[in-house]
Amino acid sequence: MKTLIYSAKDFETPFLEEANKDVHSFKYSSDRLTTKTAMMALGFEAISIFSADDASGIVLEKLKDFGVKYITLRSAGHDNINLKIAKRLNFKVANSPDYSPYAVAEHAITLLLALNRKVTLARKQTQNYNFTLDKLIGFDLHNKTVGVIGTGKIGSIIAQILNGFGCCIMAVDPFEKEDLKTRFQVSYTHLDNLCKECSVIILSIPLTSDTHHLIDKSKLDLMHKETLLVNVARGAVVHTKDVLAYVEKKRIGGYATDVYDKESGVFFYDRSQNKPHDTDLEKMLTHDHILLTPHQAFATKEALANIAQTTVDNLSSWQEGSNPKNSLIPLDEKES
Ligand code: NAI
């Protein structure tokens, strides 16, 4: 199937080539899908997009006019595509939901440990031959209560790892998992209680209208002075300005995040010669109690190989007239 791969990055194309084995005809573009770049899809039956691509209603209308029928996402999250409109326009859409929850969960723990033990500050200090410890005091995770918001594929692995550290785990999720309760003594609670009780709070939920700005001033007010907040979900599940203000005022202990609500067009690019004018981003890059990574939680070899394979499998299923198992708009609902 003739497929345009938007937002293609050099580090992922070898994995896509390896998985494809020339079955489908791939064209790679480093451009993001936007209203301006939608016309590049003219003549392609399928496109593949990533998390920073814009598949909003207006873009989908254009893609439809240009003859695109299939959209495969190289991501688990699908907040960047308007599925309602995609369905109305008879697009077939599938994502890559299971590529490696371990990659993302392990990165969440990396962020937590680095923030708590002030690893980036230690590096900054030691690079200046300052070997003092005054600013490097963290806390034991053992016996601390850690909150996991969203115990799906990623949150479940986070709970498993935290159990290994000897943490008490609280969670919020409308779908409680019995095995997490029995294997890791996870206790489900409501969000306000989790915010009040936990020394660490980790976000692993999808971005939806319900979770947009889930963590704002009202929730930050409930947290302890030392609470560390970790976000591997999507930037907009927190109200960034509120979180930054609470860290600056020392009303919470710190924020470590892999995602940022204004990351589109910035993350995944070398902007060192063309820095964005963004004071929030600047704060996140310079504050000692804030740690930002550039949406890299998924970036392991295993995850990239799985994303590539799922992308090829989704396209092959459509080519054969069947429904990919990761379909977000099942074929049989297409005509309804
Ligand atoms: P999943 O669908 O397996 O789990 C999400 C869980 O969140 C579900 O159990 C769901 O019931 C729960 N949930 C939904 N709304 C909630 C709410 N209001 N409060 C509490 N829980 C709620 O998804 P998975 O694979 O665990 O991924 C979660 C999210 O992580 C993705 O949607 C994506 O946005 C993000 N992600 C980030 C990556 C990164 O590189 N930083 C990579 C992959 C995913």
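Residues numbered from 1 in each chain as written. Predicted model: local features only at pLDDT ≥ 70, side-chain atom pairs only at ≥ 80, totals over all residues. Heavy atoms only, no water.

S.K.: Help me understand the overall build of the chain, please; the structure alone is not making it clear to me.
M.R.: Per the secondary structure count, the chain includes 12 helices and 12 strands. Against the globule reference of 20 Å for 336 residues, the chain gives a C-alpha radius of gyration of 21 Å, in line with a compact fold. Its C-alpha atoms put the chain at 60 × 50 × 35 Å along the principal axes. Residue pairs at least 24 apart in sequence account for 67% of intrachain contacts in the chain once pairs closer than 6 positions are excluded. Here the chain has roughly 16100 Å² of accessible surface; of this, 52% comes from carbon and sulfur atoms. A gap of 3 Å separates the mean positions of the 40 positive and 42 negative side-chain charges of the chain. (Helix = DSSP H or I, 4+ residues; strand = E, 2+ residues; numbered from the N terminus. Rg over C-alpha atoms; globule rule 2.2 N^0.38 Å. Contact = heavy atoms within 4.5 Å. Areas by Shrake-Rupley, 256 points an atom, 1.4 Å probe, with all protein chains shown as cover. Lys, Arg positive; Asp, Glu negative; His and termini not counted. Charge placed at Lys NZ, Arg CZ, Asp CG, Glu CD.)

S.K.: Is there a simple way to explain the site of the ligand in this structure?
M.R.: Surrounding the ligand, one finds 23 residues, the nearest of these being Tyr99, Lys153, Ile154, Asp173 and Asp258. One nitrogen or oxygen atom from the side chain of Arg234 is found 3.4 Å from an oxygen atom belonging to the ligand. For the ligand, whose free accessible area comes to 870 Å², the fraction covered by protein is 84%. Within the shell around the ligand, the residues separate by chemical class into 12 nonpolar, 7 polar and 4 charged. (Near = heavy atom within 4 Å. Polar contact = N/O pair within 3.5 Å; in protein donor to acceptor, adjacent residues only side chain to side chain. Nonpolar A, V, L, I, M, F, W, Y, C, P; charged D, E, K, R; others polar.)

S.K.: Explanation requested: helix α6 (residues 153–164) in the structure shown.
M.R.: Side chains of residues three or four places apart in an α-helix project in the same direction, reflecting 3.6 residues per turn. The first and last C-alpha atoms of α6 sit 17 Å apart over 12 residues, in line with the 16 Å expected at 1.5 Å per residue. Listed as buried for α6 are Gly155, Ser156, Ile157, Ile158, Ala159 and Leu162. Taken together, the buried residues of α6 touch α4 (101–116), β6 (145–149), β7 (168–172), α7 (178–184) and β9 (200–203). Looking one or two places after α6, you find Gly166, whose phi comes out positive at around 80°. (Expected span 1.5 Å × (residues − 1). Buried < 20%, exposed > 50% of the residue type's maximum accessible area, 1.4 Å probe, protein only.)

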